[in-house]
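Structure assessment
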Amino acid sequence: MVMPPPPLPQQGLRMNHLSLSELCCLFCCPPCPSKITSKLAFLPPEPTYTLLCDESGSRWTLHLSERADWQYSAREKDAIECFMTRTSRGNRIACMFVRCSPSARFTLLFSHGNAVDLGQMSSFYIGLGSRINCNVFSYDYSGYGASSGKPSEKNLYADVDAAWHSLRTRYGIRPENVIVYGQSIGTVPSVDLAARYESAAVVLHSPLTSGMRVAFPDTKKTYCFDAFPNIDKISKVTSPVLVIHGTEDEVIDFSHGLALYERCQRPVEPLWVEGAGHNDVELYGQYLERLKQFVAHELVNLST
């Protein structure tokens, strides 16, 4: 039996918690997409870590608070390298490279979910990467953790671009060895990046089709003021795409994952986790088994 990685911290979108009056105010005429985005989506937590730079300015030390809930020893923590990089929009974002396996062929470029930061995700990255034989590279969005600026849709895209280029230049990881992995709101920068750059593969974990479609499930088309339009970008992704979604997701309905899967150019067999919600997909045994099969066999065969 394959043991699951540590559970993901609770995370989700704010859309389901707005009152009718708040929604009416958000979508008044003319609507402002940036205000809709910030009101509906972003919930940066109080930082659970700090990054301290040495006198040379080249080496950063990661300090985790108790709220990060670190579940490993100092030895595993030594396998984590952190640094800061600047985005095209002028923000400095925190990046984390987790060396999980010396034999790893692939590196996950992981865009995490909402209401968490790198400190809270660090144990999960160690557990996941070591179990599926992948290294993990992740980053905090502008306004999250040690990253500067404020969260916004435009900053999301600049943030993932900076992470992609850091992974390519700092570590020399080639695109054919990168798996672009997005979870929940992290599927937004992941789909945007994958629509512009080809990679080994894309994993969409509990993805959303668009902001309006989450807030208003009967929405049938993308309006000019809609935020996070994954549904319009997914068909431009040329890499193989694995969609993972819980059938009882209470935050982003299962229909979002199904709709994105149906629009993929190169879909692989999806994972519909029967009975899983938004925050517990990774606790089901088939989650790790599907990822291991995808990484160790399907991707290897696709690249040979």
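Residues numbered from 1 in each chain as written. Predicted model: local features only at pLDDT ≥ 70, side-chain atom pairs only at ≥ 80, totals over all residues. Heavy atoms only, no water.

By the naming in an unreviewed UniProt entry, the protein goes by Alpha/beta hydrolase domain-containing protein 17B and is assigned to Oncorhynchus tshawytscha. The record held by UniProt for the protein lists under Sequence similarities (unreviewed entry) the comment "Belongs to the AB hydrolase superfamily. ABHD17 family." Recorded under Catalytic activity (unreviewed entry), the UniProt text for the protein is reproduced unchanged: "S-hexadecanoyl-L-cysteinyl-[protein] + H2O = L-cysteinyl-[protein] + hexadecanoate + H(+)". (UniProt positions renumbered as here; feature names shortened; annotations may be inferred.)

On to the overall build of the protein, then. From N to C terminus, the protein includes 10 helices and 10 strands. Of the contacts made within the protein by residues no fewer than 6 positions apart, 70% connect residues no fewer than 24 positions apart. A total of about 13100 Å² of accessible surface is found on the protein, and carbon and sulfur atoms cover 51% of it. (Helix = DSSP H or I, 4+ residues; strand = E, 2+ residues; numbered from the N terminus. Contact = heavy atoms within 4.5 Å. Areas by Shrake-Rupley, 256 points an atom, 1.4 Å probe, with all protein chains shown as cover.)

This brings us to the packing of helix α4 (residues 118-132) against helix α10 (residues 285-302). Two numbers describe how α4 lies on α10: the axes approach to 9 Å, and their chain directions differ by 55 degrees. With respect to each other, α4 and α10 are oriented oblique. The handedness of the crossing between α4 and α10 is right-handed. Side by side, α4 and α10 meet where Phe124, Leu128, Arg131 and Ile132 of the first sit next to Tyr287, Leu288, Leu291, Lys292 and Val295 of the second. Counted by class, the contact of α4 with α10 contains 7 nonpolar, no polar and 2 charged residues. (Axes fitted to C-alpha atoms, helices over the stretch in contact; angles between N-to-C directions. Parallel < 35°, antiparallel > 145°, perpendicular 65-115°, else oblique. Left-handed = near helix turned anticlockwise from the far one by under 90°. Nonpolar A, V, L, I, M, F, W, Y, C, P; charged D, E, K, R; others polar.)

What follows is about the environment of valine 268. Here valine 268 lies in the loop between α9 (254-263) and β10 (271-273). Residue classification places valine 268 among the buried residues on the basis of a relative accessible area of 13%. Spatially, the C-alpha atom of valine 268 lies 8.0 Å from that of valine 243, the residues being 25 residues apart in sequence. Not counting the four nearest positions on each side in its chain, valine 268 is found in contact with Pro240, Val241, Leu242, Tyr261, Arg290, Phe294 and Glu298. (Buried < 20%, exposed > 50% of the residue type's maximum accessible area, 1.4 Å probe, protein only.)

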